[in-house]
Amino acid sequence: VQLVESGGGLVQPGGSLTLSCAASEIIFRLYAMDWYRQAPGKQREFVARVLITSDASTNYADSVKGRFTIFRDNDKNTVYLQMNSLEPEDTAVYYCHADVIGNEYWGQGTQVTVSS
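Sequence order as written defines the numbering, with residues in each chain counted from 1. Thresholds applied to this predicted model are a pLDDT of at least 70 for local features of residues and 80 or more for the giving and counting of side-chain atom pairs; totals over whole chains, interfaces and linings are not thresholded and use all residues. Here the side-chain values reflect all heavy atoms present in the structure, with hydrogen atoms and water set aside.

Draft legend 1. Representation of the packing of aromatic side chains within the structure. Only the six-membered ring of Trp is used, alongside the rings of Phe and Tyr, when aromatic pairs are assigned; centres must lie within 6.5 Å, and planes under 30 degrees apart are stacked while those over 60 apart are edge-to-face, with the rest tilted. In the structure shown here, the tally under the stated rule is three aromatic pairs. Between the aromatic rings of Tyr-36 and Phe-46, the centroid separation amounts to 5.8 Å while the plane-to-plane angle is 80 degrees, which identifies the pairing as edge-to-face. With Tyr-36 in strand β4 (residues 30–38) and Phe-46 in strand β5 (residues 45–51), this residue pair connects regions lying ten residues apart in the sequence. Categorising residues by exposure relies on relative accessible area from a 1.4 Å probe, with only protein chains included: less than 20% of the type maximum marks a residue as buried, more than 50% marks it as exposed, and the intermediate range marks it as partly exposed. You can call Phe-46 partly exposed: its relative accessible area is 24%. In this structure an aromatic cluster arises from ring pairing among Tyr-36, Phe-46 and Trp-106. Only when the NZ of Lys or the CZ of Arg is both within 6 Å of the ring centre and within 35 degrees of the ring normal is a charge said to sit over the ring. For the cation-ring pair, Arg-44 lies above Tyr-95, with the distance from its terminal atom to the ring centre recorded as 3.7 Å. We note Arg-44 situated over the ring of Trp-106; from NZ or CZ to the ring centre the distance is 4.7 Å. In DSSP terms, a helix is any run of H or I states spanning at least four residues, a strand is any run of E spanning at least two, and both are numbered starting from the N terminus.

Below is the structure:
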């Protein structure tokens, strides 16, 4: 299984970006899809999660609540991260993660830079 992120780039503070993470195939025993990020010199940190359940429950890091939205399109095997009101502190490499019962997969990451 490969996870391919896209949608990163350079954006001004207050701007928006939408990241996409496409899985190369249907992932069996998939429990949740997550977004993580890693800023220079810092550890990778959790950003958002969506459960693979009928209600698609979500949860977010406190630092992004109210600004970021995670959602999925099962037909396209894709999960998205809508990011609004971006701040310089959001600058990082964003990684997609598949939480599978007994396994996990990571994408290669996409760079998001928030700067004027």
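Draft legend 2. The arrangement of the pairing of β4 in detail. Pairing between strands requires that DSSP locate at least two bridges from one strand to the other. Taken together, the eight bridges between β4 and strand β9 (residues 92–100) define a ladder with antiparallel strand orientation. Considered in β9, the bridge of Trp-35 is made with Cys-96. Taken together, the six bridges between β4 and β5 define a ladder with antiparallel strand orientation. Paired with Tyr-36 across the strands is Phe-46, a residue of β5. Following β4, the chain reverses through six residues before pairing antiparallel with β5; Gly-41 in that reversal takes a positive phi of roughly 75 degrees.

Draft legend 3. A look at the state of the cysteines. Any two cysteine sulfur atoms within 2.5 Å of one another count as a disulfide. For the structure shown, the criterion picks out one disulfide. For Cys-21, the disulfide goes to Cys-96, at an S-S distance of 2.0 Å. Since a negative S-S torsion denotes a left-handed disulfide, the Cys-21-Cys-96 link at about -80 degrees is left-handed. In this pair, Cys-21 is assigned in strand β3 (residues 17–23) and Cys-96 in strand β9, connecting sequence segments 75 residues apart. Cys-96 matches Cys-21 in its accessibility class, with the two residues each being buried.

Draft legend 4. Molecular detail of the layout of surface pockets. The definitions used throughout rest on a 1 Å grid laid over the protein atoms alone, on which a cavity is an enclosed set of points accommodating a 1.4 Å probe that cannot get out and a pocket is an open set flanked by protein within 12 Å on both sides along at least five of seven lines; lining residues are those having an atom within 4 Å of a point. Grid points are joined across faces, edges and corners, and a volume is the space filled by probe spheres set on the points. Estimated volume of the largest pocket: approximately 240 Å³. As for the largest pocket, its lining consists of 14 residues, of which Leu-30, Ile-52, Asn-74, Asn-77 and Thr-78 are closest to the centre. Among the secondary structure elements, those contributing two or more residues to the lining of the largest pocket are β3, β4, β7 (68–73) and β8 (78–83). Residue classes follow a fixed rule: Ala, Val, Leu, Ile, Met, Phe, Trp, Tyr, Cys and Pro count as nonpolar, while Asp, Glu, Lys and Arg count as charged, and any other residue, Gly among them, counts as polar. Split into classes, the residues belonging to the lining of the largest pocket amount to eight nonpolar, three polar and three charged.

Draft legend 5. Quick peek at the environment of Leu-3. By secondary structure assignment, the location of Leu-3 is in strand β1 (residues 3–6). With 75 residues separating them in the primary sequence, Leu-3 and Thr-78 have C-alpha atoms 9.1 Å apart. Residues contacting Leu-3, with those up to four places away along its chain left out, are Cys-21, Ala-22, Ala-23, Ile-27, Met-33, Cys-96, His-97, Ala-98, Tyr-105, Trp-106, Gly-107 and Gln-108. Contact criterion: two residues are considered in contact whenever any of their non-hydrogen atoms come within 4.5 Å of each other.

Draft legend 6. View of the nonpolar core. Core analysis: the biggest nonpolar cluster contains 29 residues, and Trp-35, Leu-81, Met-83 and Tyr-94 have the highest contact counts within it. Of all elements in the fold, only β3, β4, β5, β7, β8, β9 and β11 (110–114) reach the threshold of two or more residues within this core. The leading source of residues in this core is β9, at five residues. Nonpolar cores are built from buried Ala, Val, Leu, Ile, Met, Phe, Trp, Tyr and Cys residues. Side-chain atoms within 4.5 Å join them into one set.

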